There are 2 protein chains.
Amino acid sequence: MRRALQLASLGKGSTSPNPCVGAVVLNEDGQLVGDGFHAYAGGCHAEVKALAQAGDRAKGGTLFVTLEPCCHYGRTPPCTEAILKSEIRRVVVGLKDPDPRVSGGGISFLQDAGIDVVSGILAEQVAYQNRDFIFRVQNGRPWGILKCAVSLDGRIGLSNGESKWISGTESRKEVHRLRANCDAVIVGGGTVRADNPLLTSRGLSIPEPLRVVLTDTLNLPADAKIFDTSIAKTLVAYRASLEAEKLNSFKGDVEFLPLTPSEPIELAKKLAEKGCNRVLWECGAKLATTALKQECIQELLVVLAPKLLGGDFAMTPLEDLGFTSMEQVLSMNFLSFQKQGNDLHLRLNCSENHS
Amino acid sequence: MRRALQLASLGKGSTSPNPCVGAVVLNEDGQLVGDGFHAYAGGCHAEVKALAQAGDRAKGGTLFVTLEPCCHYGRTPPCTEAILKSEIRRVVVGLKDPDPRVSGGGISFLQDAGIDVVSGILAEQVAYQNRDFIFRVQNGRPWGILKCAVSLDGRIGLSNGESKWISGTESRKEVHRLRANCDAVIVGGGTVRADNPLLTSRGLSIPEPLRVVLTDTLNLPADAKIFDTSIAKTLVAYRASLEAEKLNSFKGDVEFLPLTPSEPIELAKKLAEKGCNRVLWECGAKLATTALKQECIQELLVVLAPKLLGGDFAMTPLEDLGFTSMEQVLSMNFLSFQKQGNDLHLRLNCSENHS
């Protein structure tokens, strides 16, 4: 199952809206005769690949698969059919399908067909690996990661607005890798106007993640880099009450999404419907604060630059969260911390009350 | 020499105004016959201890000592005399005495007496171990460590002023350990009024480090915890132009230090004169900013709590540093980072332009 889990990780970032799944087939004598992972939505499921590789050798053997095999027709035929056909004797499942509508259905189907099924093996690890998928299926919005680059004194820029660059080149490369593992990258209109970012993974992910701008005004420079849709797709989510003729001023193959109200949570729901499991919020303090309040953020990447900026005005990553006592503040847990060049990268997730 | 360096570290925090020194004696055949370290000012010097332990066995042998032996009468007789008396044949020195007034004098004395002297062995490590002592000797002010406890979004408190506790209990214990390694702990009057801290190492260091309040107004609560001088000594540094009768309102055996002007740098110079090698600044944003501007800070301890506080008002660890471009900001280097309970402790030093 550990091997299946490792295999599953090879699909990380490219399987949405599907989860990452890995599978291993042993023959009757316990020898490895097939393995596979789910690489992209619409592509072969992990267990089908592994069984195909095993062929006749699967007969009487054991299939290890990190997630419960599907029992319904989607873009591909149900995996349970392939399992029956393979005449495998035993199926070991990591985690039951977290989608409450189907959970356990695949397992029951196999058991009814006389196959010995064990489940719950390394379930916690599988759940962690697919926390984005599980979160979307259960909550109807994507797993949100908020990225902020701050100085030691908690500044995201100088009082005069200058913020390029707090972090070093290695940090920015790491952010490109993070983008490559996300389905969409979200900024507000202010970031487009101030920083004119490209918001791509610089080719690390093909296709590039969807670039999303959430704007209340549609007041965006027509020549902004994100409107070059030859590199990556762009979605502009805007307040639905704005006049439609404003949309005509934008060139490129930009997708427009009217929202009522034009809030992060509404955007998140729409992105989940589009199949986004994991999105990266790279926005300024105002949008980040609203996204956080509306529970669109489940994980945090803090890029901590070893610098002191000072400044009379805040220029901090968040605005007011309405807390008046330390008992109320948002508590998180450190998942990891590592040096990237001169900077320190901290990954955290929100405590259970917020995810 | 590595053993001598390790021995030296045993005196860390208690030798001021002296440096940490360790010594090892090998006999003629290269066998260990004595070792020692400098434990406290006025106590035996490391090389004298090691030679005393070796006794006659030192004759014809080798002395390893991390810092150049002294050749002058201070609180103890010069070490060079003890070395001559021991009839040691060879002396291996880590680092020359960094005090420019005596540097090399001890070595010349020994060489003139016919002893074979080698120096510069692990000099960099010895210099790092004694960076506080060296800094004071060369700059006339103590090595300053600024401690700040901040949230992930760079806040030291909520908008309403509440700041207890951002960090966890393990973090606070670690701060007690840090205090135990410092000669003085400095706060401003505002911190005394707002937090009423005890500022001790909770018994980890005996005597406790000197508690110092830098105040412009002498407007301090007479019943503040720092005025209980039965636990630890307290120094109140105040603007010299204030009326002297104000001093009579304070009980306890408090020391008063008039300063003109009442600035961090003036306080630092006075503390260096008092023999402080290393001081801890545990002050609020205003005093921290001035101390930093006046180059009183050489090292930083950031206690990073995995929390998000938000807030309309700044409540950040520093005020304005006057920077208008990213090229001007203070750059530091990460020395270490480690988890303490739920918090992350980051140690940094200032880049060369600032230390």
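Notes on the structure follow.

Reading the values: the criteria
- Residues numbered from 1 in each chain as written.
- Chains lettered and ligands numbered in written order.
- Predicted model: local features only at pLDDT ≥ 70, side-chain atom pairs only at ≥ 80, totals over all residues.
- Heavy atoms only, no water.
- Least-squares fit on C-alpha atoms with pLDDT ≥ 70 in both.
- Contact = heavy atoms within 4.5 Å.
- Phe/Tyr/Trp six-rings, centres within 6.5 Å; stacked < 30°, edge-to-face > 60°.
- Helix = DSSP H or I, 4+ residues; strand = E, 2+ residues; numbered from the N terminus.
- Buried < 20%, exposed > 50% of the residue type's maximum accessible area, 1.4 Å probe, protein only.
- Lys NZ or Arg CZ within 6 Å of the ring centre and 35° of its normal.
- Pairing = 2+ DSSP bridges.
- Axes fitted to C-alpha atoms, helices over the stretch in contact; angles between N-to-C directions.
- Right-handed = clockwise from strand over helix to strand, strands pointing away.
- Buried area = accessible area lost by both parts, 1.4 Å probe.
- Salt bridge = Lys/Arg side-chain N within 4 Å of Asp/Glu carboxyl O.
- Nonpolar A, V, L, I, M, F, W, Y, C, P; charged D, E, K, R; others polar.
- Parallel < 35°, antiparallel > 145°, perpendicular 65-115°, else oblique.
- Left-handed = near helix turned anticlockwise from the far one by under 90°.
- 1 Å grid on protein atoms, 1.4 Å probe; cavity = no way out; pocket = protein on both sides within 12 Å on 5 of 7 lines; lining within 4 Å.
- Points joined across faces, edges and corners; volume = space filled by probe spheres on them.

A look at the relation of the copies chain A and chain B
Here is step 1 of the chain: Once chain A is rotated about the relating axis by 180° and shifted along it by 0.1 Å, it coincides with chain B to within an RMSD of 0.1 Å. What the rotation and shift describe, once combined, is the action of a two-fold rotation axis. Closest approach to the rotation axis among the C-alpha atoms of chain A is made by Gly154 of chain A, whose C-alpha sits 1.7 Å away.
Here is step 2 of the chain: Of the residues that chain A buries at the interface, 100% are likewise interface residues in chain B, meaning the two copies contact each other through the same surface.

Regarding the packing of aromatic side chains
Here is step 1 of the chain: Taken as a whole, this structure holds seven aromatic pairs over all chains when the rule is applied.
Here is step 2 of the chain: Taken together, a centroid distance of 5.9 Å and an interplanar angle of 80° make the contact between Phe337 of chain A and Phe337 of chain B edge-to-face. Of this pair, Phe337 of chain A sits in strand 14 (residues 330-340) while Phe337 of chain B sits in strand 14 (residues 330-340), placing the two residues on different chains.
Here is step 3 of the chain: On the basis of relative accessibility, which here comes to 27%, the residue Phe337 of chain B falls in the partly exposed class.
Here is step 4 of the chain: On the numbers, 5.6 Å between centres and 85° between planes, the contact of Phe135 of chain B with Trp143 of chain B is edge-to-face.
Here is step 5 of the chain: According to the relative accessible area criterion, Phe135 of chain B is buried, its value standing at 5%.
Here is step 6 of the chain: Using a relative accessible area of 7% as the deciding quantity, one classes Trp143 of chain B as buried.
Here is step 7 of the chain: Following the ring pairs from residue to residue traces out a cluster consisting of Phe334 and Phe337 of chain A together with Phe334 and Phe337 of chain B.
Here is step 8 of the chain: Over the face of the ring belonging to Phe37 of chain A we find Lys49 of chain A, whose NZ or CZ atom lies 4.9 Å from the ring centre.

Points about the sheet that holds strand 1 (residues 22-26) of chain B
All names here are of chain B.
Here is step 1 of the chain: Spatially, the five strands line up as an open sheet ordered 2-1-3-4-5, and their pairing is mixed. In this open sheet, the two edge strands, each paired with only one partner strand, are strand 2 (32-37) and strand 5 (116-119). Adjacent strand axes in the sheet meet at a mean angle of 15°, parallel and antiparallel pairs treated alike.
Here is step 2 of the chain: Relative to strand 4 (residues 90-95), strand 3 (residues 62-67) runs parallel, the two being bridged by five bridges. Bridge assignment links Thr62 to a residue of strand 4, and that residue is Arg90.
Here is step 3 of the chain: Its contacts with the sheet place helix 2 (residues 46-54) against strand 1, strand 2 and strand 3, and it is angled at close to 150° to strand 2.

With respect to the pairing of strand 6 (residues 143-151) of chain B
Residues and elements named next belong to chain B.
Here is step 1 of the chain: Most of strand 6 is tucked away: nine of the nine residues are buried.
Here is step 2 of the chain: Covered by surrounding structure in strand 6 are Trp143, Ile145, Lys147, Ala149 and Ser151 together with Gly144, Leu146, Cys148 and Val150, the residues of both alternating faces.
Here is step 3 of the chain: The sheet contact formed by strand 6 and strand 11 (residues 278-281) spans four bridges and is parallel. Each bridged residue has a counterpart across the sheet, and for Ile145 the counterpart in strand 11 is Leu280.
Here is step 4 of the chain: Relative to strand 12 (residues 299-305), strand 6 is paired through seven bridges, and the arrangement is parallel. Residue pairing in the sheet places Ser151 in a bridge with Ala305 of strand 12.

Considerations on the pairing of strand 3 of chain B
Here is step 1 of the chain: Summarising burial for strand 3 of chain B: six of the six residues are buried, a large majority.
Here is step 2 of the chain: The parallel pair strand 3 of chain B and strand 4 of chain B is bridged by helix 3 (residues 79-86) of chain B, and the resulting crossover is right-handed.

Thoughts on the interface of chain A and chain B
Here is step 1 of the chain: Taken together, the contacts link 47 residues of chain A with 47 residues of chain B.
Here is step 2 of the chain: A per-residue breakdown of the area chain A buries against chain B is headed by Leu308, Met326 and Phe334 of chain A, which together make up 20% of the total.
Here is step 3 of the chain: Our count for the contact surface shared by chain A and chain B stands at zero salt bridges.
Here is step 4 of the chain: Mapped onto the side of chain A that touches chain B, the elements with two or more residues apiece are strand 12 (299-305), strand 13 (307-308), strand 14 and strand 15 (343-350) of chain A.
Here is step 5 of the chain: Take the side of chain A that touches chain B: its biggest share by element is six residues, from strand 14 of chain A.
Here is step 6 of the chain: For the side of chain A that touches chain B, a count of residues per class yields 25 nonpolar, 12 polar and 10 charged.

Digging into helix 6 (residues 131-139) of chain B
All names here are of chain B.
Here is step 1 of the chain: Counting buried residues along helix 6, seven of its nine residues qualify, which places the element largely inside the surrounding structure.
Here is step 2 of the chain: Listed as buried for helix 6 are Arg131, Asp132, Phe133, Ile134, Phe135, Arg136 and Val137.
Here is step 3 of the chain: Positive backbone phi, at 70°, marks Gly140, one or two positions downstream of helix 6.

A closer look at the environment of Lys286 of chain A
Here is step 1 of the chain: Summarising the element assignment, Lys286 of chain A is placed in helix 10 (residues 285-293).
Here is step 2 of the chain: Along the sequence, Lys286 of chain A and Val21 of chain A sit 265 residues apart, while their C-alpha atoms lie 37 Å from each other.

Topic: the packing of helix 3 of chain B against helix 4 (residues 105-112) of chain B
All names here are of chain B.
Here is step 1 of the chain: Relative orientation of the contacting elements helix 3 and helix 4 amounts to 25°, with a least axis distance of 10 Å. Here helix 4 runs roughly parallel to helix 3, going by the angle between their axes. For the element pair helix 3 and helix 4, the recorded crossing hand is right-handed. Of helix 4, the residues touching helix 3 (which contributes Thr80, Ile83 and Leu84) are Gly106, Phe109 and Leu110.
Here is step 2 of the chain: By residue class, the composition of the contact of helix 3 with helix 4 is four nonpolar, two polar and no charged.

A look at unusual backbone geometry
Here is step 1 of the chain: Geometrically, the link from Thr260 of chain A to Pro261 of chain A is a cis peptide bond, its omega value of -10° lying close to zero.
Here is step 2 of the chain: Assignment of secondary structure puts Pro261 of chain A in the loop between strand 10 (255-259) and helix 9 (264-273).
Here is step 3 of the chain: Here the residue pair Ser16 of chain B and Pro17 of chain B is connected by a cis peptide bond, since its omega of 5° sits within 30 degrees of zero.
Here is step 4 of the chain: Mapping Pro17 of chain B onto the fold places it in the loop between helix 1 (2-9) and strand 1.
Here is step 5 of the chain: With a phi angle near 55°, Leu122 of chain A is a residue other than glycine that sits in the positive phi range.
Here is step 6 of the chain: You can see Leu122 of chain A is positioned in the loop between strand 5 (116-119) and helix 5 (123-129).
Here is step 7 of the chain: In this structure, Glu295 of chain A is a non-glycine residue whose phi angle is positive, near 60°.

Things to note about empty space enclosed by the protein
Here is step 1 of the chain: Using the criterion set out here, one finds four cavities of 30 Å³ or more in the structure.
Here is step 2 of the chain: In this structure, the largest cavity spans a volume of roughly 80 Å³.
Here is step 3 of the chain: Lining the largest cavity are 14 residues, with Gly13, Thr15, Ser16, Asp132 and Asn277 of chain B positioned closest to its centre.
Here is step 4 of the chain: By volume, the second largest cavity amounts to about 60 Å³.
Here is step 5 of the chain: For the second largest cavity, the lining is made up of 13 residues, of which Gly13, Thr15, Ser16, Asp132 and Asn277 of chain A are closest to its centre.

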